[in-house]
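Each chain is listed here by its residues.
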Amino acid sequence: QVQLVESGGGLVQAGGSLRLSCAASGRPFSDVAMGWFRQAPGEEREFVASISWSGITTRYADSVKGRFTISRDKVKNMVYLQMNNLKPEDTAVYYCAAGQSAVVFQSPTTAQAWGQGTQVTVSS
């Protein structure tokens, strides 16, 4: 089973940037797609971005497209989420997730493993 640990969250002003990191261990990390999800208080966990096993194909939620970039480094067993031009509505706990196949995904039920999450707070 894949084990995931997120880092890089924090407090930032609107318009600022943050880069989240996810370190993977356990089963082969390179065999599956990876994704980022977020959950605000009182809300359901929602899709943010996903990247295929090869790193060639990516998918983004409409709300973050053009502002966020997902990437991965198979040698270092890492996946990243670069977040630019942050908005207050981006405030949430961000979770790293491992998929069940090589293709990109966006449903939380598709994930086989989750990290503990990292808090991102964007102030006005």
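The rules behind each value
- Residues numbered from 1 in each chain as written.
- Predicted model: local features only at pLDDT ≥ 70, side-chain atom pairs only at ≥ 80, totals over all residues.
- Heavy atoms only, no water.
- Helix = DSSP H or I, 4+ residues; strand = E, 2+ residues; numbered from the N terminus.
- Buried < 20%, exposed > 50% of the residue type's maximum accessible area, 1.4 Å probe, protein only.
- Contact = heavy atoms within 4.5 Å.
- Polar contact = N/O pair within 3.5 Å; in protein donor to acceptor, adjacent residues only side chain to side chain.

S.K.: Any chance you could explain the environment of Asp 62 here in plain terms?
M.R.: Looking at the element boundaries, Asp 62 is found in the loop between strand S6 (58–60) and strand S7 (68–73). Taking the C-alpha atoms as reference, Asp 62 lies 21 Å from Ser 123; in sequence the two are 61 residues apart.

S.K.: Would you take a moment to explain the environment of Thr 91 for this structure?
M.R.: Counting through the fold element by element, Thr 91 comes out in the loop between strand S8 (78–83) and strand S9 (92–98). Relative accessible area serves as the criterion here: at 23%, Thr 91 is assigned to the partly exposed category. The sequence separation of Thr 91 and Ala 40 amounts to 51 residues, and the corresponding C-alpha distance is 6.7 Å. Not counting residues up to four positions away in its chain, the partners in contact with Thr 91 are Ala 40, Gln 119, Val 120, Thr 121 and Val 122. Polar side-chain contacts of Thr 91 include one of 2.9 Å to the backbone oxygen of Pro 88. One polar contact links the side chain of Thr 91 to the main-chain amide nitrogen of Val 122, over a distance of 2.9 Å.

S.K.: Before we go on, may I ask you to explain the side chain of Ser 50 in this structure?
M.R.: Relative to the helices and strands, Ser 50 resides in strand S5 (residues 46–51). Of the polar contacts made by the side chain of Ser 50, one reaches the backbone oxygen of Met 34; its length is 3.1 Å. Of the polar contacts made by the side chain of Ser 50, one reaches the backbone nitrogen of Phe 105; its length is 3.1 Å. Look past the residues within four positions of Ser 50 in its chain and what remains in contact with it is Met 34, Gly 35, Thr 57, Thr 58, Arg 59, Ile 70, Val 104 and Phe 105.

So, to be careful, I would describe these as geometric facts and stop short of saying anything about function.
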